[in-house]
Amino acid sequence: MSENTAKGWQGNFFEDFELGQTIACPTPRRVGEGETAAYIGLTGDRTPRFCNEDRVLHPLMLFHTSFGQTVRQISLNARANLGYADWVWRRPVRTATVLHTNMEIIGLKENSSGKTGVVYVKNRARDVGGELVCEYTRWVMIKKRGSAPTRWASDPVVPELPSVVDTSRLRVDRSDLPKAAHTGGQYYFEDYVPGERVVHHDGQTVNPSDHMAFTRLFQNSAKIHFDAQLTEGKPLVYGGFPMSVGYAQAYNGFENRLGLAAVNGGVHANPVYAGDTLYSMTVVDSVDPLGAAPAGAVRCKLYVFKNFNPATDPDIALRDEKGKLIPSVALELDFWELITKRAAI
Amino acid sequence: MSENTAKGWQGNFFEDFELGQTIACPTPRRVGEGETAAYIGLTGDRTPRFCNEDRVLHPLMLFHTSFGQTVRQISLNARANLGYADWVWRRPVRTATVLHTNMEIIGLKENSSGKTGVVYVKNRARDVGGELVCEYTRWVMIKKRGSAPTRWASDPVVPELPSVVDTSRLRVDRSDLPKAAHTGGQYYFEDYVPGERVVHHDGQTVNPSDHMAFTRLFQNSAKIHFDAQLTEGKPLVYGGFPMSVGYAQAYNGFENRLGLAAVNGGVHANPVYAGDTLYSMTVVDSVDPLGAAPAGAVRCKLYVFKNFNPATDPDIALRDEKGKLIPSVALELDFWELITKRAAI
Amino acid sequence: MSENTAKGWQGNFFEDFELGQTIACPTPRRVGEGETAAYIGLTGDRTPRFCNEDRVLHPLMLFHTSFGQTVRQISLNARANLGYADWVWRRPVRTATVLHTNMEIIGLKENSSGKTGVVYVKNRARDVGGELVCEYTRWVMIKKRGSAPTRWASDPVVPELPSVVDTSRLRVDRSDLPKAAHTGGQYYFEDYVPGERVVHHDGQTVNPSDHMAFTRLFQNSAKIHFDAQLTEGKPLVYGGFPMSVGYAQAYNGFENRLGLAAVNGGVHANPVYAGDTLYSMTVVDSVDPLGAAPAGAVRCKLYVFKNFNPATDPDIALRDEKGKLIPSVALELDFWELITKRAAI
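Residues numbered from 1 in each chain as written. Chains lettered and ligands numbered in written order. Predicted model: local features only at pLDDT ≥ 70, side-chain atom pairs only at ≥ 80, totals over all residues.

**Q** Any chance you could explain the overall build of chain A here in plain terms?
**A** A tally of regular secondary structure across chain A gives six helices and twelve strands. Considered along the principal axes of its C-alpha atoms, chain A spans approximately 65 × 45 × 40 Å. Counting only residues that meet the buried cut, chain A has 60% of its 345 residues in that class. The long-range share in chain A, meaning contacts at least 24 apart out of those at least 6 apart in sequence, stands at 82%. (Helix = DSSP H or I, 4+ residues; strand = E, 2+ residues; numbered from the N terminus. Buried ≥ 20, exposed ≤ 12 C-beta atoms within 10 Å, placed from the backbone. Contact = placed C-beta atoms within 7 Å.)

The following block contains the structure:
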């Protein structure tokens, strides 16, 4: 390519990151009722707090907005989103604000292939007043620019990350509780039992415009999601789309939820493409009453399936003999959901 | 299915309804300028009052919002939407409000098959201050849970419903009139003649994302509209979509309209699927000057066709010899439209 | 068609326009944050000023809104959009306003075929307070109603139009500058060199719902964009869609832009259909420092390609031997972009 075309940004490579570096992510983004309407139109989410008088912005909408802001720096040459940890929403955000995200490099490890490395980033999204709204760590496999080994091959830095967010970090206020008459739900915190599987009974076929509009809405510019010519006719669905669709489906069975408060981890196990139909099921992992709080925390593992309806076999083994998630699982999302206590109604 | 998956709601059956029961429908919904932008993007509606300084929320948008709220209670096990009656918008709503809907069971009749019954519901949508915004009666055929006959087999209760909304219930205020310069229309109330057919000249091909986004926007969660696997590749288009597209098309020829004020009845005569192209035509049934009001009421029968452009044969017989609507009619909507009087300009 | 169906408007023909006539375009349109969310969801635009605290409405969104308002009068019987000139945004518009557009007929010329003529219109879009927001001239080939020659065959009036908007008309204020930390861009006004080609590196495949929702959002009712039955399965993509997608892609390489200030001309060189993948490249034509202003003007020629990624051959000849744009160019848009000066940071 001729030199005079060099201004178009093509993304960082593994060698471009420095340990301890903090990068301000471009394009602060206003989120408000326009985005909420678009989000509902794309996901069908019905959680009362996020569409009623409370006017709380959907936590996943805030996350996707922030995630999209990081794409230009971290994702353009990414090979894979390897994981998430220590992801916490710090406060409810009411319409409207402007999110600003920065990204701190907290770990670097070159892979043995010499062609890629893993970058660990801690992202922080702040509102227009500078208050922390959401923070999350993720790690991404990124291409190297060259073949020369970096110091992170022999001397990798891998941060210690919690396998579960400590529930002492979750905050819940009486004013956060949805009214029972608004939710339509008959189940409360006390009703959820570890090991229980809740099938959500809705199926959603992914259309090309659905996932692309969702991804554009959050200004995620990774071209693999949009360019059918680049992808042999099969643009990859942004992993955040099944996350939001699955969470929207999970209203059915978790009607008295306040919304996810923290994510312990997540795995994009298998790719989703337009034409796939998404279904979901939640496995209740454990519960924490959060002391005397009016809502308790339920640790949920949300499984979003493609082209498999768990209602047909809710006891299905989710992992194979080697512990690998089965091919029909698109996403496993391990998070703390807050749910009103019956005692607090 | 194992017991522990029972929390996912699968809908009411015929036996679950009681005469006189009133059900608060979950998920109150804020509607405002975000939803208006989405609505215009999905339908192309150009009616001035609903997109200009007046900031009146589109009556059909309010209806679909309320309808979506009832789906969880009434539609998940529905076999068919049989009809509408006594459907009135009570006041213009200006951006923004939160709609709350409740549903009163006013009739129950078991069908002779013993497998289904008809539930008559009166729905009322109120704004955040509790003022009645829209009320409508509809009746739905719903599956029975079991085979044992109910008392509604031998002793059905079928409400008496008006075949037409009395025009004394329609209210129009001088401040509701659109300015002629804003509408582009040359026809006024006095120009509409009973028997007249107005062809609207626009065609709209339905894409999968169009109808699904529309249906999700209104949090209508009936899975038949979204799940291609469940429906052998042909999700059924929500009947509200051709209603809104047809009404948007009907701007052409009714430019000086204030918006529909009441619906006398409606028939979803034939199903619509993605790929169908929608066209529409209005038959003027009758007119009522509403005394000295600045607008008069025109009783319109809006016919939304699939894959047939009425411009090619505007005199087509809309019903066959047996009185059944022809296969190309997707929807017949019988409503009172308010139109500025020439005398009031 | 029977007489009683005549109310549906079918558009003006060449004979219907009079020189000097000014037409108020129907359907004033409120534009605000709902439309902004929809616009971002459809285009992926990331320009900071148009999505952050500044809350400036996207200039192209304002243009499309106004353009849509003119369709009913000028486009329904149009054969081709021949060109644009003298197109200037007069001031930044902050959320929200209502746009009103009128259209002045400034030129008429019947074509030698006797079947069509060219209508030159000057459009002016004003905000709700009557302040001029955007003005643009375009000329359109329109069908004649009849075969009788008009006076514009022998005595055509063709307005003199500037080939480039004089930069003295461009206004820039210090408060208009995006913060460098918000843009992610490393290039400033001083870095752009005439003759330079900037490849934008993003590809966007057009889905049917994408372009139709975009066109409906702006209430553009030209049926050729929506009706697959009319168009043998290939509705024509509204020319404004590749314009907005290309401009969104051009963020990459022009991150410190303030937004387009004026358009010198534009050519819809080749049609776009659903399934096409859009890429873009900008050729820097010339620069003007606008004296001591904190931003300078870069004259850009934006080329939006279909199914050709200019990154694979950035030096491609854009015109053939006869000076015609090559078949893979969908749009050439010649405009003045304002870009922060390095000296002003």
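That shown, we press on.
**Q** Sorry, what's going on with the relation of the copies chain C and chain A here?
**A** Copy one and copy two of the chain differ by a rotation about an axis and a translation along that axis. Rotating chain C by 120° about the axis while translating it 0.0 Å along that axis superimposes it on chain A, leaving an RMSD of 0.0 Å. Given the turn and translation reported, the copies of this chain are related as if by a three-fold rotation axis. For chain C, the minimum C-alpha distance to the rotation axis belongs to Gly-34 of chain C and amounts to 2.3 Å. Here only 12% of the interface residues in chain C have copies in chain A that are interface residues too; the copies meet through unlike faces. (Least-squares fit on C-alpha atoms with pLDDT ≥ 70 in both.)

**Q** Help me understand the interface of chain C and chain A, please; the structure alone is not making it clear to me.
**A** Size of an interface, as often reported, equals the accessible area lost when the parts are brought together. Each partner contributes to the interface: chain C provides 42 residues, whereas chain A provides 38 residues. If you list the elements that add at least two residues to the side of chain C that touches chain A, you get α1 (33-43), α4 (180-183), β7 (197-199), β8 (204-205) and α5 (208-217) of chain C. Ranked by residues supplied to the side of chain C that touches chain A, first place goes to α1 of chain C with nine residues. Within the side of chain C that touches chain A, the residues separate by chemical class into twelve nonpolar, 20 polar and ten charged. (Nonpolar A, V, L, I, M, F, W, Y, C, P; charged D, E, K, R; others polar.)

**Q** Could you clarify how one ought to interpret the interface of chain B and chain C in this entry?
**A** In this complex, chain B contributes 42 residues to the contact, which on the side of chain C involves 38 residues. Mapped by element, the contributors of at least two residues to the side of chain B that touches chain C are α1 (33-43), α4 (180-183), β7 (197-199), β8 (204-205) and α5 (208-217) of chain B. Among the elements that line the side of chain B that touches chain C, the one with the most residues is α1 of chain B, at nine residues. Partitioning the side of chain B that touches chain C into residue classes produces twelve nonpolar, 20 polar and ten charged.

**Q** Explain the pairing of strand β3 (residues 78-89) of chain B to me, please; I cannot follow it from the model alone.
**A** Both faces of the sheet carry side chains from a regular strand, because those side chains alternate between them. Residues and elements named next belong to chain B. Note that β3 and strand β6 (residues 132-143) share eight bridges and pair antiparallel. In the sheet register, Asn-81 faces β6, and the bridge partner there is Val-140. Summarising the sheet, β3 and strand β9 (residues 257-268) pair through two bridges and their orientation is antiparallel. Residue pairing across strands places Val-88 opposite Ala-262, the latter belonging to β9. (Pairing = 2+ DSSP bridges.)

**Q** Explain the environment of Ile-142 of chain C to me, please; I cannot follow it from the model alone.
**A** Residue and element names in this part refer to chain C. Tracing the backbone through its elements, the reader meets Ile-142 in strand β6 (residues 132-143). Considering only alpha carbons, one finds Ile-142 and Thr-116, 26 residues apart in sequence, at a separation of 5.4 Å. With near-sequence residues (within four places) excluded, Ile-142 lies in contact with Phe-13, Phe-14, Asn-77, Ala-78, Arg-79, Thr-116, Gly-117 and Val-119.

**Q** I tried to follow the pairing of strand β11 (residues 295-306) of chain A on my own but got confused; where do I start?
**A** All names here are of chain A. With eleven of its twelve residues buried, β11 lies for the most part within the structure. Judged from the ten bridges that link them, strand β10 (residues 277-288) and β11 form a sheet pairing that is antiparallel. Among the inter-strand pairings, Ser-286 is bridged to a residue of β11, identified as Arg-299. Taken together, β10 and the strand that follows it, β11, pair antiparallel across an intervening segment of six residues, in which Leu-290 is found at a positive phi of about 55°. Bridge count between β11 and strand β12 (residues 329-340): eleven bridges; the pairing is antiparallel. Each bridged residue has a counterpart across the sheet, and for Leu-302 the counterpart in β12 is Leu-333.

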